[in-house]
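# Observations on chain architecture
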Amino acid sequence: MSVGIMTSEKAYLFGLIVGGGSFKNGQMIIDLPYRLWGKARINPERAGKLATDILSRVRPLFERTYNMPVTFSIDPEWQIRSTDSISNELSADMREFGIVPNGKIVETGSITRLREHLNTDLYKRNFIAGLADSVGSLNPNHRRF
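Bear in mind the structure is a predicted one, so any value in this text is a computation, not a measurement. (Residues numbered from 1 in each chain as written. Predicted model: local features only at pLDDT ≥ 70, side-chain atom pairs only at ≥ 80, totals over all residues. Heavy atoms only, no water.)

Moving on, we come to the side chain of Ser82. Tracing the sequence through the fold places Ser82 in strand 4 (residues 79-82). With relative accessibility at 5%, the residue Ser82 sits in the buried group. Within the structure, Ser82 has its side chain in polar contact with the backbone nitrogen of Met28 (distance 3.0 Å). The residues touching Ser82, leaving out its near neighbours within four places in the chain, are Gln27, Met28, Met68, Pro69 and Val70. (Helix = DSSP H or I, 4+ residues; strand = E, 2+ residues; numbered from the N terminus. Buried < 20%, exposed > 50% of the residue type's maximum accessible area, 1.4 Å probe, protein only. Polar contact = N/O pair within 3.5 Å; in protein donor to acceptor, adjacent residues only side chain to side chain. Contact = heavy atoms within 4.5 Å.)

Relative orientation of the contacting elements helix 1 (residues 8-20) and helix 6 (residues 121-135) amounts to 35°, with a least axis distance of 7 Å. Considering only the axes of helix 1 and helix 6, their crossing is right-handed. Between helix 1 and helix 6, the contacting residues are Ser8, Ala11, Tyr12, Phe14, Gly15, Leu16, Val18, Gly19 and Gly20 on the first element and Leu122, Tyr123, Asn126, Phe127, Ala129, Gly130, Leu131, Asp133, Ser134 and Val135 on the second. Looking at side-chain class alone, the contact of helix 1 with helix 6 contains 11 nonpolar, 7 polar and 1 charged residues. (Axes fitted to C-alpha atoms, helices over the stretch in contact; angles between N-to-C directions. Left-handed = near helix turned anticlockwise from the far one by under 90°. Nonpolar A, V, L, I, M, F, W, Y, C, P; charged D, E, K, R; others polar.)

What follows covers helix 1. Taking 1.5 Å per residue, 13 residues should reach 18 Å; helix 1 reaches 19 Å between its end C-alpha atoms and fits that length. Of all 13 residues making up helix 1, 11 are buried, and the element is well covered by its neighbours. Within helix 1, burial applies to Lys10, Ala11, Tyr12, Leu13, Phe14, Gly15, Leu16, Ile17, Val18, Gly19 and Gly20. (Expected span 1.5 Å × (residues − 1).)

This brings us to the packing of aromatic side chains. Aromatic ring pairs are described here by two measures, namely the spacing of the ring centres and the angle between the planes. Applying the stated rule across the entire model yields 2 aromatic pairs. On the basis of an interplanar angle of 80° and a centroid distance of 5.1 Å, the ring pair of Phe14 and Phe97 is categorised as edge-to-face. Of the two residues, Phe14 is situated in helix 1 and Phe97 in the loop between helix 3 (88-96) and strand 5 (103-104); the sequence distance between them amounts to 83 residues. With respect to class, Phe14 is no different from Phe97; both count as buried. Judged by centre distance (5.9 Å) and plane angle (10°), the rings of Phe72 and Trp78 are stacked. Given a relative accessible area of 22%, Phe72 falls into the partly exposed group. The exposure class of Trp78 is buried, given its relative accessible area of 2%. (Phe/Tyr/Trp six-rings, centres within 6.5 Å; stacked < 30°, edge-to-face > 60°.)

Right, let's get into the environment of Pro60. Structurally, Pro60 can be placed in helix 2 (residues 44-66). Classification of Pro60 by relative accessible area gives partly exposed; the value is 24%. Separated by 10 residues in sequence, Pro60 and Val70 place their C-alpha atoms 8.7 Å apart. For Pro60, the contacting residues outside a window of four places in its chain are Ile54 and Leu55.

Axis separation between helix 1 and helix 3 bottoms out at 12 Å; the angle between their running directions is 80°. Here helix 3 runs roughly perpendicular to helix 1, going by the angle between their axes. For the pair helix 1 and helix 3, the contacting residues are Lys10, Phe14 and Ile17 in the first and Leu90, Asp93 and Met94 in the second. Among the residues making up the contact of helix 1 with helix 3, the classes are represented as 4 nonpolar, no polar and 2 charged. (Parallel < 35°, antiparallel > 145°, perpendicular 65-115°, else oblique.)

Below you can see the structure in the form of structure tokens.
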């Protein structure tokens, strides 16, 4: 995919990154708000569905869009992690969209420039979907903020 050009896939991934992403030493971690709700011991069926969604939807998106393999962990918290340093393509898009890959993005980032690239309803919806997936659900017990 072209660097600096927004797509519906990039909009979703940037929602995930803005909502739960943090960067340290070139690595990316996206915290997911599943806590007890996603614990395999408590609800193995739900945890299996969450894992399947990550493996079948999110991982291929990162690989296809940014040539960047990711994995996930569920203990102690649900996280999506880059298996290597972030790709040059993701790094370039982050610069283009005005987000510095350093620290916890929700605390240090600004989406002012990114908003300019979310110029269609589809991009906006996908960004919000990614944001919701990384910030929490509509259930008050699942919200971080």
